[in-house]
Number of protein chains: 6
Amino acid sequence: MQALRSGKGKKSVSKIAWHDLRAPELRALAAADALVIIPVGSTEQHGPHLPVQVDARLAAEVAIRAAAHIAEHQSVVVAPTLWCGLAEHHMAFGATITLDFATFHAVIRCVCASIQRHGFRRLALLNGHGGNIKALDVIAGELKQELGVRVVSATYWTVSSVAGAFREILDEQTGVAHACEAETSMMLALEPDLVEREEMLRVDGSRRNLSASGGLYRWKGFEEMTESGVIGVPAAASAEKGERLLAAAAEGVAEALVQEELWQP
Amino acid sequence: MQALRSGKGKKSVSKIAWHDLRAPELRALAAADALVIIPVGSTEQHGPHLPVQVDARLAAEVAIRAAAHIAEHQSVVVAPTLWCGLAEHHMAFGATITLDFATFHAVIRCVCASIQRHGFRRLALLNGHGGNIKALDVIAGELKQELGVRVVSATYWTVSSVAGAFREILDEQTGVAHACEAETSMMLALEPDLVEREEMLRVDGSRRNLSASGGLYRWKGFEEMTESGVIGVPAAASAEKGERLLAAAAEGVAEALVQEELWQP
Amino acid sequence: MQALRSGKGKKSVSKIAWHDLRAPELRALAAADALVIIPVGSTEQHGPHLPVQVDARLAAEVAIRAAAHIAEHQSVVVAPTLWCGLAEHHMAFGATITLDFATFHAVIRCVCASIQRHGFRRLALLNGHGGNIKALDVIAGELKQELGVRVVSATYWTVSSVAGAFREILDEQTGVAHACEAETSMMLALEPDLVEREEMLRVDGSRRNLSASGGLYRWKGFEEMTESGVIGVPAAASAEKGERLLAAAAEGVAEALVQEELWQP
Amino acid sequence: MQALRSGKGKKSVSKIAWHDLRAPELRALAAADALVIIPVGSTEQHGPHLPVQVDARLAAEVAIRAAAHIAEHQSVVVAPTLWCGLAEHHMAFGATITLDFATFHAVIRCVCASIQRHGFRRLALLNGHGGNIKALDVIAGELKQELGVRVVSATYWTVSSVAGAFREILDEQTGVAHACEAETSMMLALEPDLVEREEMLRVDGSRRNLSASGGLYRWKGFEEMTESGVIGVPAAASAEKGERLLAAAAEGVAEALVQEELWQP
Amino acid sequence: MQALRSGKGKKSVSKIAWHDLRAPELRALAAADALVIIPVGSTEQHGPHLPVQVDARLAAEVAIRAAAHIAEHQSVVVAPTLWCGLAEHHMAFGATITLDFATFHAVIRCVCASIQRHGFRRLALLNGHGGNIKALDVIAGELKQELGVRVVSATYWTVSSVAGAFREILDEQTGVAHACEAETSMMLALEPDLVEREEMLRVDGSRRNLSASGGLYRWKGFEEMTESGVIGVPAAASAEKGERLLAAAAEGVAEALVQEELWQP
Amino acid sequence: MQALRSGKGKKSVSKIAWHDLRAPELRALAAADALVIIPVGSTEQHGPHLPVQVDARLAAEVAIRAAAHIAEHQSVVVAPTLWCGLAEHHMAFGATITLDFATFHAVIRCVCASIQRHGFRRLALLNGHGGNIKALDVIAGELKQELGVRVVSATYWTVSSVAGAFREILDEQTGVAHACEAETSMMLALEPDLVEREEMLRVDGSRRNLSASGGLYRWKGFEEMTESGVIGVPAAASAEKGERLLAAAAEGVAEALVQEELWQP
């Protein structure tokens with residue numbers, strides 16, 4: 001169901017996706033102490049030019065590409081993508097599917113507990129959605145208590161080396177905003193048919209309510225910040241940038257996940 | 001992320017998948033009172049010859065194909081696939097990811113509630129996993145109270161006309177068991193590279209503990225019933241049968257879902 | 001409080017009811033590895049002619065009579081009746097008391113856990129209400145995980161041999177519908193004073209919305225299907241049929257519950 | 001199933017029990033603003049001489065008898081008995097079935113909510129088990145918020161006039177302890193065949209750990225206080241006292257429940 | 001944050017408050033099997049003359065003073081005060097902060113579990129709010145099951161010897177009502193600047209709805225019983241009485257908590 | 001109980017603390033649309049030299065001082081301090097009291113809901129504990145859905161202007177670590193008697209496991225990072241710095257909270 005393969009159909013990496021594997025193969029991976037990467041995304045409005053799959057699609061793509069790097073040195077497998085996260089702030093635009101926190105926590109607990117029961121000991125939640133970041137850290141803390149398992153979480157664009165590379169590649173912005181130059185570029189590279197070019201060039205992604213909150217946190221509906229549902233400069237996107245961003249993300253995430261200190265008991 | 005398109009790359013149906021649509025398109029579908037089909041599967045061991053994606057993959061495939069039929073007459077959209085269900089009975093074989101009932105309920109509630117908040121009024125849970133059948137009916141009843149929304153549930157192979165067609169197509173069995181002639185055939189049609197032929201021909205799918213329970217229900221681990229994880233006759237499978245099964249399932253499900261009485265308030 | 005004895009006052013079976021036993025007797029039964037039958041019913045409208053107790057009363061009666069058979073060969077005890085189940089679909093008629101699923105689950109878990117803590121190892125939920133069937137199977141699966149205990153569930157009229165016998169005894173219908181020939185007959189045998197004869201003969205129990213759903217499940221309020229709250233032909237009932245039905249149910253359930261394979265670890 | 005009738009088979013009161021009524025009768029009672037009495041008991045060890053049904057049986061009996069008094073002046077109905085309460089403190093003796101607090105709360109909420117949805121506005125929980133007293137008051141407070149309904153709770157022997165009458169009738173003790181003179185007497189009146197006379201005369205019901213706690217509360221297993229499971233003097237019991245106790249309880253409860261101030265909004 | 005010291009600034013007792021201690025000191029107390037007193041209060045309206053802190057302030061004060069007595073003989077420490085309890089019945093007056101029961105239970109469970117994990121084995125919940133009394137006993141029972149820990153609960157004015165002393169000291173009332181002679185006196189002794197004298201002398205604290213409920217429990221909003229939010233005779237209060245009351249409470253509580261029988265396993 | 005007043009006994013600000021106010025005063029504040037600041041801290045080990053109250057004490061102090069500034073221009077009140085947060089990562093050192101996330105969420109929901117029910121519309125959670133930061137943001141988002149109320153959260157040292165001022169005042173570190181120069185200085189200013197000077201000068205607060213995680217999140221017990229429980233340079237602390245830090249924090253927080261944009265609906 002879930003084609004956790006790169007969009008370019010590289011057959012060689014297909015054996016990295018949990019969903020493509022057979023039970024004996026997965027039992028062997030558990031016995032080999034394979035690293036399990038669990039992509040976590042969201043299904044939510046991404047402006048008038050991008051499909052709602054963006055955060056889930058990109059988390060899965062980065063996971064598969066990072067795993068391909070890791071697989072050169074050690075056992076690794078990529079779980080199916082959790083395509084639904086915390087996206088209440090996008091609900092006013094329609095098109096969005098969101099969980100409440102308790103359900104998000106419960107799903108991740110069940111998935112991690114199942115994986116752990118099969119003998120895997122290294123789990124990494126690889127996130128592609130801003131609204132999930134804090135919640136995933138809270139959940140990782142709770143799971144440590146409940147399951148006694150080491151669960152690492154990471155958002156691909158905040159991994160240090162990825163953030164650095166993104167700054168170099170991007171023209172109009174310095175990181176990942178929403179339906180922005182970065183996300184649009186990567187989608188152009190992966191799913192060009194799903195990007196609406198006219199809207200991409202026309203949409204206004206400037207952010208309203210720029211007055212800084214001065215370090216306070218105030219939950220905001222996305223509609224308070226942007227009329228179009230976009231924050232950033234989609235018009236600056238290109239497929240070529242997208243390919244470079246994906247390569248950099250995969251490399252950076254792979255490097256980060258193989259740090260030995262991460263997995264000490 | 002989730003390629004909810006037919007395996008044959010028919011671009012024309014790609015606009016049926018929620019994940020491939022942009023927010024303005026989904027808002028228009030809500031305004032058009034589109035039917036929403038939500039595929040529900042499982043990620044679990046399917047013997048030595050099939051990948052663990054089977055139940056999720058087939059539910060999604062049938063959903064997309066059925067939606068293609070429906071789209072000729074009315075608005076319809078296919079939500080991303082819930083790839084994780086109730087599969088505790090497969091856990092002993094490894095490879096399986098399961099939710100507990102409360103979490104399964106919570107996820108479906110959040111997904112249905114999100115969709116309803118956007119104005120959709122006709123929701124169909126299309127199931128591809130035996131272990132979900134009873135739970136989905138219980139959940140549909142609870143949602144009626146909680147959300148006041150009409151949620152229909154169906155398991156594709158138990159839709160009456162589908163069941164009839166399957167009986168005609170299949171040689172060795174009359175319905176869907178587990179990693180059986182039917183499921184193996186459909187996977188041969190959709191993902192031939194992921195089917196291990198040698199195991200498919202060799203595996204013993206006979207059912208142990210044949211003594212009938214006489215109508216009692218006793219939760220059983222799958223390992224009590226089969227050593228291989230298979231029940232049925234995979235060796236009888238063929239891609240040609242698989243394609244016929246998929247076509248019959250899509251047609252039967254489409255017919256069933258457009259019954260007007262289903263959606264009366 | 002709960003007269004779990006046959007309506008005919010047979011003193012000899014009174015020692016089968018948990019409620020009639022003293023603590024030392026119950027401790028001895030646990031030590032003897034007695035089978036525990038837990039009747040599960042419902043309190044809900046049963047048309048204009050039958051009292052709301054029907055599903056609970058009949059589950060308890062069949063349980064006690066089945067236990068009397070079993071007691072000839074092994075230790076057995078019948079727990080007090082859970083008289084409240086999932087009956088939301090009858091609420092529109094008044095008179096009905098229903099639990100939500102989470103509460104139904106919690107009650108059964110607490111009751112089973114208490115019984116297990118005292119050393120009993122064989123538990124059978126004997127159900128007399130259609131609305132509970134799927135939920136009980138889901139719950140039995142969950143309890144297997146939570147308590148590690150073997151819990152069997154059965155609805156008396158779906159036990160294979162019972163279903164066969166019912167078909168032979170009944171004239172106008174082939175199984176148990178609702179407040180129907182079968183249920184009315186059994187109540188005439190057990191509680192003739194509580195059956196309103198005039199209504200029994202007059203009530204229209206034909207089912208509306210006969211258009212088949214084609215194998216789909218759609219939660220329906222009972223008021224969508226019947227104006228009277230009855231489905232079936234109460235006018236065909238008689239006390240004599242009722243006595244035969246009860247005898248057949250008790251015998252069939254007893255036979256089914258003593259199958260050795262059921263209780264293998 | 002649940003013979004909520006007086007033990008003496010007085011047919012005239014049978015129409016007071018919810019379980020004996022048909023839906024049209026219960027709808028009429030709701031329309032007549034009938035008082036609903038919900039007996040709440042427990043299923044737990046009651047020493048070597050009494051069956052485990054005592055607390056549920058006596059709550060139901062007092063409810064039915066009190067309702068018979070009330071029925072002379074206003075509409076009233078007695079719900080089926082909640083036969084399971086909070087009895088963890090008796091678990092060490094076996095034979096006991098207990099709920100945890102959250103489940104006890106949930107069951108009472110569902111039962112009260114169902115009754116309220118049918119239009120009843122006056123609900124009284126009539127309790128017969130010491131371990132439920134505080135919990136019922138907590139629950140009544142929660143329900144006031146959740147359901148907005150007036151729920152009164154009472155333990156039959158602590159109703160002021162009942163307490164006074166009991167002091168006059170009893171010889172060896174002044175109230176209700178556990179499996180004591182009072183409870184044994186009432187069971188002798190109602191279910192003489194279920195009382196084991198030899199044990200009744202022999203059992204030691206003196207209380208250990210008499211050192212007062214000085215007003216502190218410390219949860220105690222019953223086994224810390226009594227070796228036999230009895231506190232009180234069963235040997236002082238008689239059926240004649242039992243009948244007087246029941247009559248006094250019914251009268252006192254009936255008087256208390258018809259106070260008009262109780263039911264002011 | 002929470003000055004758990006006597007209002008008179010006695011530095012000598014400051015080392016009794018958990019909040020004033022450093023980690024090595026608390027680890028030493030755990031090793032010494034110290035008694036842990038956990039004050040539990042409420043934040044709620046206390047009429048026009050008293051601040052809302054009363055129940056929390058007095059529970060903490062009595063705890064600290066009692067601990068000072070106990071500290072002469074054994075190790076003891078006073079946890080920070082749970083200043084929020086069950087006060088729904090005061091909400092109509094504003095100013096009140098309340099928990100629901102499930103949250104109250106969860107907080108106390110977490111606090112007790114944390115303390116137990118550090119090796120403390122004797123925990124006493126010292127309560128200063130009427131609305132918490134029954135709930136605390138229910139919770140103590142639940143914790144016994146969940147944590148396996150001995151948790152004692154006490155409301156300071158119901159400790160037997162305290163109740164006796166209070167009767168002797170007070171003129172107009174014999175115990176603690178609400179914002180009454182007793183509570184006002186103690187607040188005059190501790191926080192004279194926070195007592196509004198004019199209102200104290202003028203307020204009408206007579207109780208409406210005096211008709212006894214005859215032993216029934218009916219949840220009442222405080223506004224049903226008193227227009228002013230006061231029950232009792234604040235005008236009879238004095239700081240001198242307050243100091244005597246506090247001294248008596250501390251002494252009585254200390255005596256009660258050192259009973260050896262309390263802490264037997 | 002909870003002396004939410006500045007440590008210097010400035011009587012003039014005492015009327016800012018919810019706990020010191022009487023019900024009529026709080027009702028008047030609600031009518032005046034007062035801002036409500038809710039201090040949130042933690043009770044946890046703070047090395048060998050500081051008491052466990054630090055995070056709760058400092059959050060409360062900053063809240064009261066900030067409120068004093070705000071009170072010059074608009075109505076404001078400071079709720080009692082939530083002294084218990086998420087501190088599982090400190091449990092290995094003893095002395096720590098922690099909640100799980102669900103309980104933390106529930107407590108804050110109940111407190112905010114109570115305040116909102118009284119008519120207050122502007123709520124600010126002012127946090128003083130690193131472990132609470134992400135969780136508070138998650139909770140604020142959930143409350144927006146559940147209560148429809150605007151809840152702002154802030155950690156005092158991350159408010160932009162406060163962070164700037166802290167950098168200028170501190171010598172050895174640039175922000176707030178744990179039991180560090182900043183926290184120790186503020187405690188020296190507020191509670192000099194509770195700071196153990198010898199330990200303060202001697203303790204080693206260097207951080208182990210310095211290897212950066214490269215932007216990944218991995219839940220760590222504090223014992224993995226520091227043997228002493230301290231991170232930072234307590235020896236660099238002084239009361240004079242502490243007073244300046246507190247003044248800067250109060251001023252910065254006050255300025256941030258009065259931004260009008262924060263409270264737009």
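Refer to the structure printed above.
Definitions and limits used
- Residues numbered from 1 in each chain as written.
- Chains lettered and ligands numbered in written order.
- Predicted model: local features only at pLDDT ≥ 70, side-chain atom pairs only at ≥ 80, totals over all residues.
- Heavy atoms only, no water.
- Helix = DSSP H or I, 4+ residues; strand = E, 2+ residues; numbered from the N terminus.
- Rg over C-alpha atoms; globule rule 2.2 N^0.38 Å.
- Contact = heavy atoms within 4.5 Å.
- Areas by Shrake-Rupley, 256 points an atom, 1.4 Å probe, with all protein chains shown as cover.
- Lys, Arg positive; Asp, Glu negative; His and termini not counted.
- Charge placed at Lys NZ, Arg CZ, Asp CG, Glu CD.
- Least-squares fit on C-alpha atoms with pLDDT ≥ 70 in both.
- Polar contact = N/O pair within 3.5 Å; in protein donor to acceptor, adjacent residues only side chain to side chain.
- Salt bridge = Lys/Arg side-chain N within 4 Å of Asp/Glu carboxyl O.
- Buried < 20%, exposed > 50% of the residue type's maximum accessible area, 1.4 Å probe, protein only.
- Buried area = accessible area lost by both parts, 1.4 Å probe.
- Axes fitted to C-alpha atoms, helices over the stretch in contact; angles between N-to-C directions.
- Parallel < 35°, antiparallel > 145°, perpendicular 65-115°, else oblique.
- Nonpolar A, V, L, I, M, F, W, Y, C, P; charged D, E, K, R; others polar.
- Phe/Tyr/Trp six-rings, centres within 6.5 Å; stacked < 30°, edge-to-face > 60°.

**Concerning the overall build of chain A**
Stage number 1. Regarding its fold elements, chain A presents eight helices and five strands.
Stage number 2. Secondary structure of chain A in N-to-C order comes out as α-β-α-β-α-β-α-β-α-α-α-β-α.
Stage number 3. For chain A, the C-alpha radius of gyration of 18 Å lies close to 18 Å, the compact-globule estimate for 265 residues.
Stage number 4. Each principal axis of the C-alpha atoms in chain A carries an extent, and together these give about 50 × 40 × 35 Å.
Stage number 5. In chain A, of all internal contacts separated by at least 6 residues, the share reaching a separation of at least 24 is 77%.
Stage number 6. Accessible surface, chain A as shown: approximately 8500 Å² in total, 50% of it carbon and sulfur.
Stage number 7. Side-chain charges of chain A comprise 25 positive and 32 negative groups, with the mean position of each set lying 6 Å from the other.

**Structural notes on the relation of the copies chain A and chain B**
Stage number 1. Expressed as a screw transformation, the operator carrying chain A onto chain B has a rotation angle of 180 degrees and an axial translation of 0.0 Å, and the superposed copies differ by an RMSD of 0.0 Å. In symmetry terms, the pair is related by a two-fold rotation axis.
Stage number 2. Of the residues that chain A buries at the interface, 98% are likewise interface residues in chain B, meaning the two copies contact each other through the same surface.

**Here's the deal with the side chain of N132 of chain E**
All names here are of chain E.
Stage number 1. Residue placement: N132 occurs in the loop between β3 (122-127) and α4 (133-147).
Stage number 2. Among the polar contacts made by the side chain of N132, one reaches the side chain of N127 at a distance of 3.2 Å.
Stage number 3. Beyond its immediate chain neighbours, meaning those up to four positions away, N132 contacts V40, G41, G85, L86, F104 and N127.

**Section: the pattern of salt bridges**
Stage number 1. One pass over the structure, following the stated rule, counts 106 salt bridges over all chains.
Stage number 2. One salt bridge connects K134 of chain B with D137 of chain C, and the closest N-O pair in it is separated by 2.6 Å. In this pair, K134 of chain B is assigned in helix α4 (residues 133-147) and D137 of chain C in helix α4 (residues 133-147), connecting two distinct chains.
Stage number 3. By relative accessible area, which is 29% here, K134 of chain B ends up partly exposed.
Stage number 4. Taking relative accessible area as the criterion, D137 of chain C reaches 9% and is therefore assigned buried.
Stage number 5. Two residues, D171 of chain D and K241 of chain D, come together in a salt bridge whose shortest N-O distance is 2.7 Å. Of this pair, D171 of chain D sits in the loop between α5 (160-169) and α6 (181-190) while K241 of chain D sits in helix α8 (residues 239-257); the two residues are 70 residues apart in sequence, bridging distant segments of the chain.

**Focus: the interface of chain A and chain B**
Stage number 1. With 55 residues of chain A at the contact, the number on the chain B side is 54 residues.
Stage number 2. For the chain A and chain B pair, buried surface summed over both sides reaches about 4500 Å², with 61% attributable to carbon and sulfur atoms.
Stage number 3. At the surface where chain A touches chain B, the tally comes to four salt bridges.
Stage number 4. Between R117 of chain A and E88 of chain B there is a salt bridge, with the nearest N and O atoms lying 2.7 Å from each other.
Stage number 5. Where chain A meets chain B, there are 22 residue pairs in polar contact (both at pLDDT 80 or more).
Stage number 6. Contributing elements (two or more residues each) for the side of chain A that touches chain B: α1 (23-31), α2 (54-70) and α3 (101-117) of chain A.

**Comments concerning the packing of helix α6 (residues 181-190) of chain B against helix α8 (residues 239-257) of chain B**
For any two helices packed against each other, one specifies the crossing angle of their axes together with the interaxial distance.
All names here are of chain B.
Stage number 1. In contact at an axis separation of 7 Å, α6 and α8 are set at 95 degrees when each is read in the N-to-C sense. One element, α6, and the other, α8, form an angle in the roughly perpendicular class. Two secondary-structure elements touch here, α6 through E181, A182, S185, M186, L188, A189 and L190 and α8 through A239, K241, G242, E243, L245 and L246.
Stage number 2. Classifying every residue of the contact of α6 with α8 by side-chain character gives eight nonpolar, two polar and three charged.

**With respect to the packing of aromatic side chains**
Stage number 1. This model, assessed by the stated rule, comprises 21 aromatic pairs over all chains.
Stage number 2. Plain terms: the ring middles of F101 of chain A and F101 of chain F are 4.4 Å apart, the flat faces sit at 50 degrees to each other, and that makes the pair tilted. With F101 of chain A in helix α3 and F101 of chain F in helix α3 (residues 101-117), this pair bridges two chains.
Stage number 3. By relative accessible area, which is 2% here, F101 of chain A ends up buried.
Stage number 4. Their ring planes at 45 degrees and their centres at 5.5 Å tell us that W18 of chain F and F120 of chain F sit as a pair that is tilted. With W18 of chain F in the segment before α1 (23-31) and F120 of chain F in the loop between α3 and β3 (122-127), the pair connects residues that are 102 residues apart, well separated along the chain. Of the two residues, W18 of chain F and F120 of chain F, neither departs from the other in class, the shared state being buried.

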